[in-house]
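The lines below spell out each chain.
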Amino acid sequence: MKEMLTITEVAEELGVTTRTIRNYLAEGKLTGKKIGGQWKFHKSDIYDFAGMTIEDPVSSFLDSTDLEAMLALNLPITDIESIESLKDKLLHQYNTVYDGKNRKFFYQVLTPTKARVVIQGPPEYVISFGDWIKNTLQDYH
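First, a word on what this report is: a plain description of the structure on this page. (Residues numbered from 1 in each chain as written. Predicted model: local features only at pLDDT ≥ 70, side-chain atom pairs only at ≥ 80, totals over all residues. Heavy atoms only, no water.)

Quick look at the overall build of the protein chain now. The helix and strand tally for the protein chain stands at 6 helices and 6 strands. Put simply, the protein chain runs from its N terminus to its C terminus through helices and strands in the order β-α-α-β-β-α-α-β-α-β-β-α. The buried share among the 141 residues of the protein chain stands at 36%. Residue pairs at least 24 apart in sequence account for 61% of intrachain contacts in the protein chain once pairs closer than 6 positions are excluded. (Helix = DSSP H or I, 4+ residues; strand = E, 2+ residues; numbered from the N terminus. Buried < 20%, exposed > 50% of the residue type's maximum accessible area, 1.4 Å probe, protein only. Contact = heavy atoms within 4.5 Å.)

Quick look at the sheet that holds strand S5 (residues 104-111) now. Strand order across the open sheet formed by 3 strands is S4-S6-S5, with antiparallel pairing between neighbours. The open sheet terminates on both sides in strands that have one partner only, identified here as strand S4 (69-76) and S5. Put simply, the sheet's adjacent strands are angled 15° from each other on average, direction ignored. Pairing of S4 with strand S6 (residues 114-121), which is carried by 8 bridges, proceeds in the antiparallel orientation. From the neighbouring strand, Met 70 faces S6, where its bridge partner is Gln 120. Across the face of the sheet, helix H6 (residues 123-137) comes into contact with S4, S5 and S6 while running at roughly 155° to S6. (Pairing = 2+ DSSP bridges. Axes fitted to C-alpha atoms, helices over the stretch in contact; angles between N-to-C directions.)

On to the environment of Gln 108, then. Secondary-structure assignment places Gln 108 in strand S5. A relative accessible area of 2% places Gln 108 in the buried class.

Relative orientation of the contacting elements helix H1 (residues 7-14) and helix H2 (residues 18-27) amounts to 105°, with a least axis distance of 8 Å. By the angle between their directions, the pair H1 and H2 is classed as roughly perpendicular. For the pair formed by H1 and H2, the contact residues are Ile 7, Thr 8, Val 10, Ala 11 and Leu 14 on the first element and Thr 18, Ile 21, Arg 22 and Leu 25 on the second. Split into classes, the residues belonging to the contact of H1 with H2 amount to 6 nonpolar, 2 polar and 1 charged. (Parallel < 35°, antiparallel > 145°, perpendicular 65-115°, else oblique. Nonpolar A, V, L, I, M, F, W, Y, C, P; charged D, E, K, R; others polar.)

Here we come to the packing of H1 against helix H3 (residues 43-50). The angle between the axes and the distance between the axes are what describe a pair of packed helices. At a minimum axis distance of 11 Å, the contact between H1 and H3 shows a crossing angle of 35°. Handedness of the H1/H3 crossing: right-handed. Judged by residue contacts, Val 10, Glu 13 and Leu 14 of H1 engage Ile 46, Tyr 47, Phe 49 and Ala 50 from H3. Taken together, the residues of the contact of H1 with H3 sort by class into 6 nonpolar, no polar and 1 charged. (Left-handed = near helix turned anticlockwise from the far one by under 90°.)

Moving on, we come to H1. Buried within H1 are the following residues: Ile 7, Val 10, Ala 11 and Leu 14. One face of H1 carries all of its buried residues, which in axial projection span an arc of 100°. Looking at the buried side of H1, the elements it contacts are strand S1 (4-6), H2, strand S3 (38-42) and H3. Phi turns positive, to about 70°, at Gly 15, one or two residues after H1. (Arc of directions from axis to C-beta.)

And the structure:
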């Protein structure tokens, strides 16, 4: 069974008020089901509505037979401009500084206030890239 969310939980996930969620329902922008007198929403529908994904890169990376080391970080998003700038820096670092066949990089916006970065590869690569991300994040706070 799919995970169901309440109006309050949806509002928190999307970073809006419960009134906004009710307006989305009234306008037909969002669909839900009334169960026991309370609105319920499938989590996947909310992520589709918001243009986000709920795929889990960590589990797909763990299925990899060439996995040596992996680091997953949830990064705070303060505003869209800073997260776009950070994403560009992460991709530039990934594409120009490191090479090798046994490396992977995944970037995902989870919610309006959180993004996830997953790095896989040789331990030295993962540790070095993780340190670079930590140092780079200091520029965004």
